[in-house]
There are 4 protein chains.
Amino acid sequence: MLSESIIDICSQIADSGVQTCPANLEAGCGGADSDEWEGEFFPGIPKIKYEGPSSKNPIAYKYYNANEEILGKKMKDWMRFSVAFWHTFRGTGGDPFGAPTKMWPWEDGTNSLAMAKRRMRANFEFIDKLGVDRWCFHDRDIAPDGKTLAESNSNLDEVVALAKELQGSHVKPLWGTAQLFMHPRYMHGAATSSEVGVYAYAAAQVKKAMEVTHYLGGENFVFWGGREGYQSLLNTNMERELDHMAAFLKAAVEYKKKIGFNGTLLIEPKPQEPTKHQYDWDVATTGSFLRKYGLSDEFKINIECNHATLSGHSCHHELETARINGLLGNIDANTGDPQIGWDTDQFLTDISEATLVMLSVVRNGGLAPGGFNFDAKLRRESTDVEDLFIAHILGMDTLARGLRNVAKLLEDGSLDELVRKRYQSFDSETGAAIEAGKADFDMLEKKAMEWGEPSVPSAKQELAEMIFQSSL
Amino acid sequence: MLSESIIDICSQIADSGVQTCPANLEAGCGGADSDEWEGEFFPGIPKIKYEGPSSKNPIAYKYYNANEEILGKKMKDWMRFSVAFWHTFRGTGGDPFGAPTKMWPWEDGTNSLAMAKRRMRANFEFIDKLGVDRWCFHDRDIAPDGKTLAESNSNLDEVVALAKELQGSHVKPLWGTAQLFMHPRYMHGAATSSEVGVYAYAAAQVKKAMEVTHYLGGENFVFWGGREGYQSLLNTNMERELDHMAAFLKAAVEYKKKIGFNGTLLIEPKPQEPTKHQYDWDVATTGSFLRKYGLSDEFKINIECNHATLSGHSCHHELETARINGLLGNIDANTGDPQIGWDTDQFLTDISEATLVMLSVVRNGGLAPGGFNFDAKLRRESTDVEDLFIAHILGMDTLARGLRNVAKLLEDGSLDELVRKRYQSFDSETGAAIEAGKADFDMLEKKAMEWGEPSVPSAKQELAEMIFQSSL
Amino acid sequence: MLSESIIDICSQIADSGVQTCPANLEAGCGGADSDEWEGEFFPGIPKIKYEGPSSKNPIAYKYYNANEEILGKKMKDWMRFSVAFWHTFRGTGGDPFGAPTKMWPWEDGTNSLAMAKRRMRANFEFIDKLGVDRWCFHDRDIAPDGKTLAESNSNLDEVVALAKELQGSHVKPLWGTAQLFMHPRYMHGAATSSEVGVYAYAAAQVKKAMEVTHYLGGENFVFWGGREGYQSLLNTNMERELDHMAAFLKAAVEYKKKIGFNGTLLIEPKPQEPTKHQYDWDVATTGSFLRKYGLSDEFKINIECNHATLSGHSCHHELETARINGLLGNIDANTGDPQIGWDTDQFLTDISEATLVMLSVVRNGGLAPGGFNFDAKLRRESTDVEDLFIAHILGMDTLARGLRNVAKLLEDGSLDELVRKRYQSFDSETGAAIEAGKADFDMLEKKAMEWGEPSVPSAKQELAEMIFQSSL
Amino acid sequence: MLSESIIDICSQIADSGVQTCPANLEAGCGGADSDEWEGEFFPGIPKIKYEGPSSKNPIAYKYYNANEEILGKKMKDWMRFSVAFWHTFRGTGGDPFGAPTKMWPWEDGTNSLAMAKRRMRANFEFIDKLGVDRWCFHDRDIAPDGKTLAESNSNLDEVVALAKELQGSHVKPLWGTAQLFMHPRYMHGAATSSEVGVYAYAAAQVKKAMEVTHYLGGENFVFWGGREGYQSLLNTNMERELDHMAAFLKAAVEYKKKIGFNGTLLIEPKPQEPTKHQYDWDVATTGSFLRKYGLSDEFKINIECNHATLSGHSCHHELETARINGLLGNIDANTGDPQIGWDTDQFLTDISEATLVMLSVVRNGGLAPGGFNFDAKLRRESTDVEDLFIAHILGMDTLARGLRNVAKLLEDGSLDELVRKRYQSFDSETGAAIEAGKADFDMLEKKAMEWGEPSVPSAKQELAEMIFQSSL
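Just so it is clear, the structure is predicted and the values come from calculations on it, not from any experiment.

## Some points on unusual backbone geometry
Part 1 of the argument: With an omega dihedral of 5°, the bond running from A368(B) to P369(B) counts as a cis peptide bond.
Part 2 of the argument: Position of P369(B) among the secondary structure elements: in the loop between α12 (351-363) and β12 (372-374).
Part 3 of the argument: Here E273(A), not a glycine, exhibits a phi torsion of approximately 75°, which is positive.
Part 4 of the argument: Within the secondary structure, E273(A) is located in the loop between β8 (264-267) and β9 (277-278).
Part 5 of the argument: Taking the relative accessible area as the measure of exposure, E273(A) reaches 6% and is therefore buried.
Part 6 of the argument: Positive phi, close to 50°, is recorded for D345(D), a residue that is not glycine.
Part 7 of the argument: Looking at the element boundaries, D345(D) is found in the loop between β11 (328-332) and α12 (351-363).

## So, the packing of aromatic side chains
Residues and elements named next belong to chain A.
Part 1 of the argument: All told, the structure shown has 116 aromatic pairs over all chains when counted by the stated rule.
Part 2 of the argument: Ring pairs connect the aromatic residues F41, F42, F85, F89, W104, W106, F124, F126, W135, F137 and F389, which therefore count as one cluster.
Part 3 of the argument: K73 extends its terminal NZ or CZ atom over the ring of W78, reaching a point 4.2 Å from the ring centre.

## Thoughts on the interface of chain D and chain A
Part 1 of the argument: Opposite the 95 residues of chain D that make contact, chain A presents 95 residues.
Part 2 of the argument: At the surface where chain D touches chain A, the tally comes to 10 salt bridges.
Part 3 of the argument: Across the pair D427(D) and R240(A) runs a salt bridge, and its minimum N-O distance is 2.7 Å.
Part 4 of the argument: At 13 residues, the largest contribution of residues to the side of chain D that touches chain A is made by helix α8 (residues 238-259) of chain D.
Part 5 of the argument: Residue composition of the side of chain D that touches chain A, grouped by class: 43 nonpolar, 31 polar and 21 charged.

## Considering the pairing of strand β10 (residues 299-304) of chain B
Regular strands show a simple pattern: their side chains alternate between the two faces of the sheet.
Residue and element names in this part refer to chain B.
Part 1 of the argument: The buried fraction of β10 amounts to five of the six residues, a majority that puts the element mostly inside the structure.
Part 2 of the argument: The sheet contact formed by strand β8 (residues 264-267) and β10 spans three bridges and is parallel. Within β10, the position partnered with L266 by the bridge is K300.
Part 3 of the argument: Bridge count for β10 against strand β11 (residues 328-332) is four bridges, and the pairing is parallel. Each bridged residue has a counterpart across the sheet, and for I301 the counterpart in β11 is L328.

## Quick notes on the pattern of salt bridges
A side chain of one charge can pair with a side chain of the opposite charge when the charged atoms of the two come close.
Part 1 of the argument: Applying the stated criterion across every chain yields a total of 128 salt bridges over all chains.
Part 2 of the argument: One salt bridge connects D95(B) with R227(A), and the closest N-O pair in it is separated by 2.8 Å. Of this pair, D95(B) sits in the loop between α3 (85-90) and α4 (113-130) while R227(A) sits in the loop between β6 (220-223) and β7 (229-230), placing the two residues on different chains.
Part 3 of the argument: Owing to a relative accessible area of 21%, D95(B) belongs among the partly exposed residues under this scheme.
Part 4 of the argument: In the salt-bridge network here, residues are joined through shared partners; they are D384(A), E386(A), D387(A) and K460(C).

What counts and what doesn't
- Residues numbered from 1 in each chain as written.
- Chains lettered and ligands numbered in written order.
- Predicted model: local features only at pLDDT ≥ 70, side-chain atom pairs only at ≥ 80, totals over all residues.
- Heavy atoms only, no water.
- Helix = DSSP H or I, 4+ residues; strand = E, 2+ residues; numbered from the N terminus.
- Buried < 20%, exposed > 50% of the residue type's maximum accessible area, 1.4 Å probe, protein only.
- Phe/Tyr/Trp six-rings, centres within 6.5 Å; stacked < 30°, edge-to-face > 60°.
- Lys NZ or Arg CZ within 6 Å of the ring centre and 35° of its normal.
- Contact = heavy atoms within 4.5 Å.
- Salt bridge = Lys/Arg side-chain N within 4 Å of Asp/Glu carboxyl O.
- Nonpolar A, V, L, I, M, F, W, Y, C, P; charged D, E, K, R; others polar.
- Pairing = 2+ DSSP bridges.

Listed below in structure tokens is the structure:
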């Protein structure tokens, strides 16, 4: 059995008289002047402080200590944490079988411009209390669609102006992006839509989103091709669609240069969902596409851990694959459930996984100008405002714990040594010839005959795991 | 990246001025009197006829010939097809990443009582044109939620009265059910909610839904526990929740008897989605639960093929498991995508699968009082009214083709013979003793010593597959 | 591409002159008198000691301190660790694409009786050095198959006599079992074979295995139905096979009682592999089967974590399902790889998972007379003798760490409190009526009308996770 | 629980006295002169004939009619069927939990040179009776490993000389390959082994295998990197391993040119198994690798359907991805089980899948110089010699049926027309500008503003499926 009319869901919520604006908040809501609300959105929540591992206070960091130096850098500079506007401020708790559950006190049940602005104020209070410096957004989640593209652009400008003001001097977007998957016009894709009008519309939307990202001082711009894929090969011309996608991205590169936007362009792979197959399936598939169309110098990759596991890889695999291809640009810090076959976008809470993630980050020399974006959401059933803080704190602490573990691991040095030794037979004359491309089959056969049966030592995987676990 | 506010989606649709009521339909819509619309909803579509396999007409049956007799029964009596109201009339094409796409001409963008009634008229025109006799519904998809339970019940009564009238003499519900998963109140479950108030509310809702199903002449009543499960064991008392679920179902059995409803109570297993784990995971899990709580004589199982595959089984496995446990009650005829890890609820179009499904049905002597409910939906991108017909016709034809293949297979007889022969060593004295529970280990050891190394012939799986494929 | 002839593999190894008996061991090997080898098998390895978390010694426990008391019991009494003979002494590193890789110094390349006895000596030296008290075995992995059943039994008796002697006063089998899946005669199953001769042979084999388990002081007897299932439903009579399986298990219960064996009978579920579908799919399926055939008082369940995840569940889910059904009997302590769809039988190294496992064990009041059997193997590429120790030490330490974490979690108490509070609305008069089976639909509807829209608080999953993570 | 000693398995089979040489075959076996056996290997089996769809004869083609012309080519020229030596003549039925089950009458239980030659004679009788012209082999499955590389090469030469003779004028290898995964020396990989000696050994082995493939008139040479991957990233230098793999393949290209071998070099992707991650994960990953290292003009891809589905794609997806990248070289015709997470290498029997496969082949203009290799095996439980024929006949007939369906589909033309129409908006001036890379964001935004909300028609997926199903 399955999902009902979305329109019906909205009606149900409206009809059932759910209060989205609790009586115990003095600030008025729902009125025409509601965007003026400048009161505190999270009145019970202080600025989150570091209290150390022994603290039992849920509203405190136990591992993340922003200015503490680890492996030669401040924690905040390794992390470059960002709040994802859409999950935190537009997430509703709805799912394919259920209506929204989250009725935040500042929401008035509309998506008016006034509401959009009030939400933006909540966003910056949240960022401030969390103590981070970055945020991420889609054009359409910060400002409402208009009846025309021009009106949508104008709505966006109005909200962006407020965001610019609220950013102040130290906060800026880690990245911006265009939402090219929610509106029905994008049901067949954006750059890969079968309709030329949709392609043009998407281009116009990316153009504008890139402009406002640039205006806000954003450091990256992301492409997530949620509808760039197919539901069935029977009705799809995959080759033509991929050619269109490449043309679209080339035009984006040109436009970026034209407006002087120096941010990194990032592609975010996801194997499937909502489509059966998305063209940016995983890091390797995205790399193949970029190389085929001569785009591999212009893009990096934004890796989302939950997407990694949905594509059959560990997150660590995707990070390492990107890293050794020079493509690691940003991380959407979340995780999935190993028994679930769809995107759950949970906050990453696994210490072991966090340690592996941080290992790749440290090996990459950090992520800048990328960072960690919390592309993660509360569970549908988590409906307290404080849950938003608890989830972010746990996510940040888990990665901070990962970083601390990596420091232990690297300082100990025995894991690196184990790996170095494993390959030392290649630090030989023949090894060098092979690596220089100078070892042909005749020469190698001669060696093989000469050497006889090669000795093959244990891979010491259990020992490697023991060393790794000891760091946790 | 993920889903935006549902409220926002609705706003977007509204804001973007999408026409839900095309100008080329003369009947007015959206007005206060819209429930009076008695014009044709599907003006271009005739009553669907059987035209045989050579027909190229998409709006005709090529295999389903309702009154043709196969294996001693009319096709329609084997099939007992039913239209699922929710997918066909409340499906919007929305998904977790996308707003609704389907703007049927008869929809006015509301979920008013008037709209509910107009939709019901469309339902019966659809049923009539398709030439089937049954339909299925959830209480809340046919009538809007009210502000109170009493108002919801009254809304339901009003729509049900119209449905009763429109059913006429030959159409009736294959089954009804209560929607206990969409509303936020059910976010922790209904019978397994941690809140006693929700348990009581759910009981009241099932009570009413059972009454109206009985009133409409429904033949079965279904329980799909979409929220009866958990998201995390950390915050869940699974044992207490299961006890509550059993108490709830026992009360349902009592109430059924009290009101003289003779329909079958059906449980519909699904492994997960929306929750991480649903208590009615699969047929075996449901059977275990029913047996533990002494309920196995009171319930049968409604098997959905897509749910079967999501639980790691073939649909045929689930059907056979139910059949040999005397639990096969109804089939929700749909299918999933073998590469997709969530519920896609596609129409079943695979001939081989349909043949296996029909094999179980025929071995079960049919499904009555159950039948085949088309718990299947158009793809999000299928937005023509005619797509509704094409999908149902293809689904019905595929199962009809399956039935024809089963007839071929059984008439040929060689597959049954292959299986019979495979086990013939048990048609012996020792075999009989074993099957009668009279063969103890001492006796068996004596036999084993006496017989020596047993001969073990080929399982002939390739031959079995060849015979099966020949029937397609 | 796929696997070659197994016979060929053996030939290759033999032909390629791999030395299975290194020159640097003084004890002779491969000779007729090789079972007399009583020298040290692991000369470089001392008795493993507890050195605490700061130790960097791979051959030492950092968390497992056998006699330390935790939560009112000694660690060794919570754990009841057991070495699995087959993985540790018969695992070869072979896989479907590769020949054996492990050439332990004590192996002479045969499976002679003499070799079987020498291996048994190695087993007890290993157990002694590890400092555990239990071991597990299949009949056929400790003693070679004979040409007849009588000869196999006699081989078994000879090896068992030595094992009995080597066990001394404090070591005994956690469990024994009969290997009913390796020999070609069992290719269609044992109790569910289509051949009555195989059924009898299997019965004789279980009879004998149960006798020797009893003789050795074994505390449990396990049934793993690796071939009790089907490859295809097309050539299978599932109903008849399940009836046979039940008859077989009933005969086993009778025989156990007849010989005065008081050990627990355990069924070990696994969803599939080697067959497409195994009848003991998971805990729920096994429970359903036991209940259907009236066997639920006679059997408990042996849960293997890797099997749990292959069936789509977390290991914790399977443990809790067994626990609340009174069926938790033993744990095969291993784990799988979340990206791998077959049984990898890895040692459990994940701290978070180990903590959840131990949470179930503590809630169950321990596992006795069951325990933790290390049904886990070295990776194919781990070919040093010391890898055997490292793997076991890491596995034991990980579970010990889990137990320590559970102690922290329970002593803190806030997670239990969170769960208790979540359900407190049922600690009311109506709640009590529901739980007593006295709340009918009329009464509940009245309550629902009276109470109005129920309030539904946050599930606090993020907080629960934070508390849990804090214990790690 | 898991696998026993492979050595033990062999011993068991030997000990249990299984007859590998049935008495009812007159030809002697097992003796020193057994390679002289030139009698009939399949005495009851005639040359397989085409008898048409109504035939009930299992030993006859119902759809494959070699010389019948379809879509302008003879069926045999579309198909280019090949028998896989390893599955058909070296497959034993063994699995990780079970000893060999197949005791073909011509096998003497050894892997002697004499046995290798007799097996080769059986191969060519099989090929002849089946009526195909091609076969595929690994070096080590046709001839036994020697004690040294030189001896292995000499064994290979001896068997290859016989194969050359038996090939006669019309049979030749579709492809040859080197087996670089079975022997323990390759446990860490071949080209990606951590040991330089193994790299050299593998090079020597490929060199020789390429020579004999060339000598036998082989049309392609395959690389399946079953061990080119990792078990754990913790002990792996992935970047260095990939560099080595590229160096190895470059050396192979050079050697091919040096010896004048004009066959196509093929890489066969597989996501995992035996390793956790194989570097040739899928078509896109392989394409990315080839492009990164400048090898994309030198290699094509050999697609195996079962590997496709294990990587999360449909087989059709992998074929189309290869086709539009100019990489489709060969097909390993098999299939997996949608509920099974490991490689089952079953014969493809699904008509719908076969039709999709043939659709790609026809769109590719055929596969030559590649073809269809039956990389598929009998089930473990299929132990009759005739099962080998039944399986191949069913596999060939299924693909032949697929080809016939494609002919129907293309002749009907409506599916192609549906797809063409879907993209027709790009057959416009703006569409042409986009496809020529001349449409920048400024121009596109202007168009978007001018055009207003684009119209987005139904994707007609249900209709496309109906048309497709009608062809079956």
